[in-house]
Each structure stands twice: as C-alpha cells, then as structure tokens.
Amino acid sequence: PLAGYVFIESADQYYESWDLASALHPQTLLATHMNGAPLPARNGAPVRLATPIKLGYKLSKWVTGLKLMASLGERRGYWEDKGYEWFAGL
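Residues numbered from 1 in each chain as written. Predicted model: local features only at pLDDT ≥ 70, side-chain atom pairs only at ≥ 80, totals over all residues. Heavy atoms only, no water.

Caption draft 1: Summary view of the overall build of the protein chain. Across its full length, the protein chain holds one helix and seven strands. In sequence order, the protein chain lays out its α and β elements as β-β-α-β-β-β-β-β. Computed over its C-alpha atoms, the radius of gyration of the protein chain comes to 13 Å, within 12% of the 12 Å expected for a compact globule of 90 residues. Long-range pairs, those at least 24 residues apart, make up 56% of the contacts in the protein chain between residues at least 6 apart in sequence. With an accessible surface of roughly 5,500 Å², the protein chain has 59% of that area assigned to carbon and sulfur atoms. With 9 positive and 8 negative side-chain charges, the protein chain shows a spacing of 6 Å between the two charge centroids. (Helix = DSSP H or I, 4+ residues; strand = E, 2+ residues; numbered from the N terminus. Rg over C-alpha atoms; globule rule 2.2 N^0.38 Å. Contact = heavy atoms within 4.5 Å. Areas by Shrake-Rupley, 256 points an atom, 1.4 Å probe, with all protein chains shown as cover. Lys, Arg positive; Asp, Glu negative; His and termini not counted. Charge placed at Lys NZ, Arg CZ, Asp CG, Glu CD.)

Caption draft 2: Structural detail: the environment of S17. Structurally, S17 can be placed in strand β2 (residues 15–19). Leaving out residues up to four positions away in the same chain, S17 has contacts with V6, F7, K58, L72, R76 and W86. Within the structure, the side chain of S17 is placed 2.8 Å from the side chain of W86, a separation counted as a polar contact. (Polar contact = N/O pair within 3.5 Å; in protein donor to acceptor, adjacent residues only side chain to side chain.)

Caption draft 3: Fine view of the side chain of K58. As for its placement among the helices and strands, K58 is situated in the loop between β6 (48–50) and β7 (63–69). Here the side chain of K58 touches S17 through a polar contact of 2.7 Å, landing on its backbone oxygen. Filtering out sequence-adjacent residues up to four positions away, K58 remains in contact with E16, S17, W18, L49, E80, W86, F87 and A88.

Caption draft 4: View of the packing of aromatic side chains. Using the criterion set out here, one finds eight aromatic pairs in the structure. Taken together through their ring pairs, the aromatic side chains of F7, Y14, Y15, Y57, Y78, W79 and Y84 make up a single cluster. Positioned above the aromatic ring of Y78, the side-chain terminus of K82 is 4.6 Å from the ring centre. (Phe/Tyr/Trp six-rings, centres within 6.5 Å; stacked < 30°, edge-to-face > 60°. Lys NZ or Arg CZ within 6 Å of the ring centre and 35° of its normal.)

Caption draft 5: The side chain of T51, seen in detail. Summarising the element assignment, T51 is placed in the loop between β6 and β7. There is a polar contact of 3.3 Å between the side chain of T51 and the side chain of T28. Separated by 3.4 Å, the side chain of T51 and the backbone nitrogen of I53 make a polar contact. Setting aside chain neighbours within four positions, we find T51 in contact with W18, Q27, T28 and L59.

Following this line, the structure appears as structure tokens:
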C-alpha cells in the first residue's frame, strides 16, 4: 500500500521507473503474446511493457523484473539518467 513507483528491469540491462498510476492504467500491458502466438525474442520476449500513454523510451522489452518502491531511487531510467524527462506521458 505504500508503493508509489514501479522499477522495471530488462535482460539487456535497460531499466525504467514509472509512477504506479501509469503502471496500473487500463491501457498499460505486460505482453507475453502477439497475434495469438508467444511473443518472439525480437519483439521483446519473455515480457514487453506496452502502452499508448507513454513515449517510446519508457516501453521496456525483455522485462525480467518489477520492483514496487515507495520513492524513486538514484536510478530513474536509462535515458532519464542521461537527461531525458522522467514522466514522458502523452
């Protein structure tokens, strides 16, 4: 109940963080299939984060872990740590 953020880890060392409200949005998906078949590796298997409410750099492929956090840590996201905007909402 105290979590306000989700930290997303990927197999290729990519990482992101999202606010919990965006992560729980009805259009946010953790996709394991595409067109009725298991998601291919080139499209982000085993799990790909997909949503129309965020810019592309927030959409992680090859997701291997999710961590709920009460506050944002020092690592906010791969591109955000290089100066990109954190929320990146549409």
